[in-house]
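Chain and residue survey
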Amino acid sequence: MLKYIVLIAAMGLVTYLPRMLPIVFLNGVTLTARLKTFLGFIPFAALGALIFPGVFSSTGDTVSALYGLAAVIALSMAKLNLIIVVTGGIAAVYLYQILIL
Amino acid sequence: MKKSFEFKEGLKAGIPIAVGYLPIAITFGLMTKAAGIPSYVGILMSLVLYAGASQFVGINLLVLGAASWEIVLTTFILNLRHFLMSASLSQSLKPDSSKTFLPLASFGITDETFTVASLNSKDKLDVYYLLGLNIIAYGAWNIGTWFGLFLASGLPQSLKDSMGIALYAMFLGLLIPSAAKSKSVLIIALTAAAIHALIKWLPMFNALSAGWSIIISTIIAAALGAYLYPQEENQDA
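So, how was this worked out
- Residues numbered from 1 in each chain as written.
- Chains lettered and ligands numbered in written order.
- Predicted model: local features only at pLDDT ≥ 70, side-chain atom pairs only at ≥ 80, totals over all residues.
- Heavy atoms only, no water.
- Helix = DSSP H or I, 4+ residues; strand = E, 2+ residues; numbered from the N terminus.
- Rg over C-alpha atoms; globule rule 2.2 N^0.38 Å.
- Contact = heavy atoms within 4.5 Å.
- Areas by Shrake-Rupley, 256 points an atom, 1.4 Å probe, with all protein chains shown as cover.
- Salt bridge = Lys/Arg side-chain N within 4 Å of Asp/Glu carboxyl O.
- Buried < 20%, exposed > 50% of the residue type's maximum accessible area, 1.4 Å probe, protein only.
- Buried area = accessible area lost by both parts, 1.4 Å probe.
- Polar contact = N/O pair within 3.5 Å; in protein donor to acceptor, adjacent residues only side chain to side chain.
- Nonpolar A, V, L, I, M, F, W, Y, C, P; charged D, E, K, R; others polar.
- Core = buried A, V, L, I, M, F, W, Y, C linked by side-chain atoms within 4.5 Å.
- Domains from an automatic or database assignment.

Next up on the list: the overall build of chain A. The number of helices and strands found in chain A is 4 helices and 0 strands. The order of α-helices and β-strands along chain A, N terminus first, is α-α-α-α. The C-alpha atoms of chain A give a radius of gyration of 20 Å, which is well past the 13 Å a tight globule of 101 residues would have. Seen along its three principal axes, the alpha-carbon backbone of chain A occupies a region of about 50 × 50 × 20 Å. If you take every contact in chain A between residues at least 6 apart in sequence, the share linking residues at least 24 apart comes to 42%. If you sum the accessible surface of chain A, you get close to 4700 Å²; carbon and sulfur atoms cover 75% of it.

Glancing now at the pattern of salt bridges. All names here are of chain B. The full count for this structure, using the stated rule, is 4 salt bridges over all chains. Lys12 is the salt-bridge partner of Glu9, the closest N and O atoms lying 3.2 Å from each other. Within this pair, Glu9 and its partner Lys12 are both found in helix 1 (residues 2-13), separated by 3 residues, close to a single helical turn. As a salt-bridge pair, Arg81 and Asp111 come within 2.7 Å of each other at their nearest N and O atoms. Placement of Arg81 in helix 6 (residues 81-92) and of Asp111 in helix 8 (residues 111-120) is noted, with a sequence separation of 30 residues between them. Given a relative accessible area of 8%, Asp111 falls into the buried group.

Right, let's get into the interface of chain A and chain B. Contact with chain A, which involves 62 residues of that partner, is made by 96 residues of chain B. Both faces considered, chain A and chain B share a buried interface measuring about 7000 Å² in area, 78% of it formed by carbon and sulfur atoms. Remark: the boundary between chain A and chain B carries 0 salt bridges. In this assembly, chain A and chain B are joined by 15 residue pairs in polar contact (both at pLDDT 80 or more). Contributing elements (two or more residues each) for the side of chain A that touches chain B: helix 1 (2-26), helix 2 (33-51), helix 3 (62-77) and helix 4 (82-100) of chain A. Among the elements that take part in the side of chain A that touches chain B, helix 2 of chain A stands out by supplying 18 residues, more than any other. Among the residues forming the side of chain A that touches chain B, the class breakdown is 45 nonpolar, 14 polar and 3 charged.

With an omega of 5°, the peptide bond running from Phe52(A) to Pro53(A) counts as cis. With respect to the helices and strands, the residue Pro53(A) is situated in the loop between helix 2 and helix 3. In the Ramachandran plot, Lys79(A) falls in the positive-phi region, its phi being about 55° despite a non-glycine side chain. Locating Lys79(A) in the fold gives a position in the loop between helix 3 and helix 4. A residue is classified by how much of its surface remains accessible, and Lys79(A), at 63% relative accessible area, is exposed. With phi around 50°, Tyr50(B) is a residue other than glycine that occupies positive phi space. Assignment of secondary structure puts Tyr50(B) in the loop between helix 3 (39-49) and helix 4 (52-64).

Further remarks concern the nonpolar core. Ranked by internal contacts, the top residues of the largest apolar core, which has 75 residues, are Tyr21(B), Val116(B), Leu133(B) and Met170(B). Here this core spans two domains, since at least three of its residues come from each of domain 1 (2-163) and domain 2 (182-237) of chain B. Not counting chain neighbours up to four residues away, the residues in contact with Tyr21(B) comprise Tyr50(B), Thr110(B), Glu112(B), Ala137(B), Ala140(B), Trp141(B) and Leu167(B). The next biggest cluster of nonpolar side chains, apart from the first, holds 16 residues, and it includes Leu7(A), Met11(A), Val14(A) and Ile37(B).

Here it is as structure tokens:
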């Protein structure tokens, strides 16, 4: 039991430090314009990398993921609320799985 | 009250994250149990780490009998991407944010809370918004873990598979409206996606872990963006 607790504490520490250090030490600090631009673009770059190619293997089979993807893109283009986009995506994959698969 | 308003806005913004976290956390609980790892290990991991991918990998490595330092190192690399996200958030938060709450709010930085916080806000972010967002996401993650550990099979497989798309749907729902408005956003996101796919698909990069491949794709794409569109320094990301 002690072995597990020490292990999880160490895993927790190496997970927490990268989360905590930049925000605590850089908040309120004036950075160069270029660095600020770079940091401002991080969310969009991260989204691109997080979505692709992981989305294709998110539902267990590629075809149902593509159905979900199509529904999500259509709903997002219509600028609907995020909750509707998410439920719509789930519904599209679910319907495909129970009706077509 | 401004604080409670921001907090509630954060809670509301976190609902799609909670929907996406539940099935993943249930799967984590189930997997922990199926692997024969004591339940309290799964519970503690969700409480203390609160980092999806590294918890799955952690359980996997425990089953394989990996050395503890190996598990800790893998966890570190896998979660190092939050360093970039935390640095980015430090600039989108109000510059005078409470130094008491920042260390607490930073505990809740995940891919999902980071992207929602960064893209949903019109003004500078409030630390109470971040706290609200974190609480609902953290709550869902931990409730899901217990559910998977103690309520056996949980949701039917077909529903769980369908819910696998939830977080991707949220990511796309966040990205598409911004990318439709701004060419620079579109180019940056597509670049990151292309680099990530190349790293995943080219055999020469097989040795790179999931953590590194996300970090590398994100840094290259954001740096390219800063090089191509330096004039957008004041754009609120």
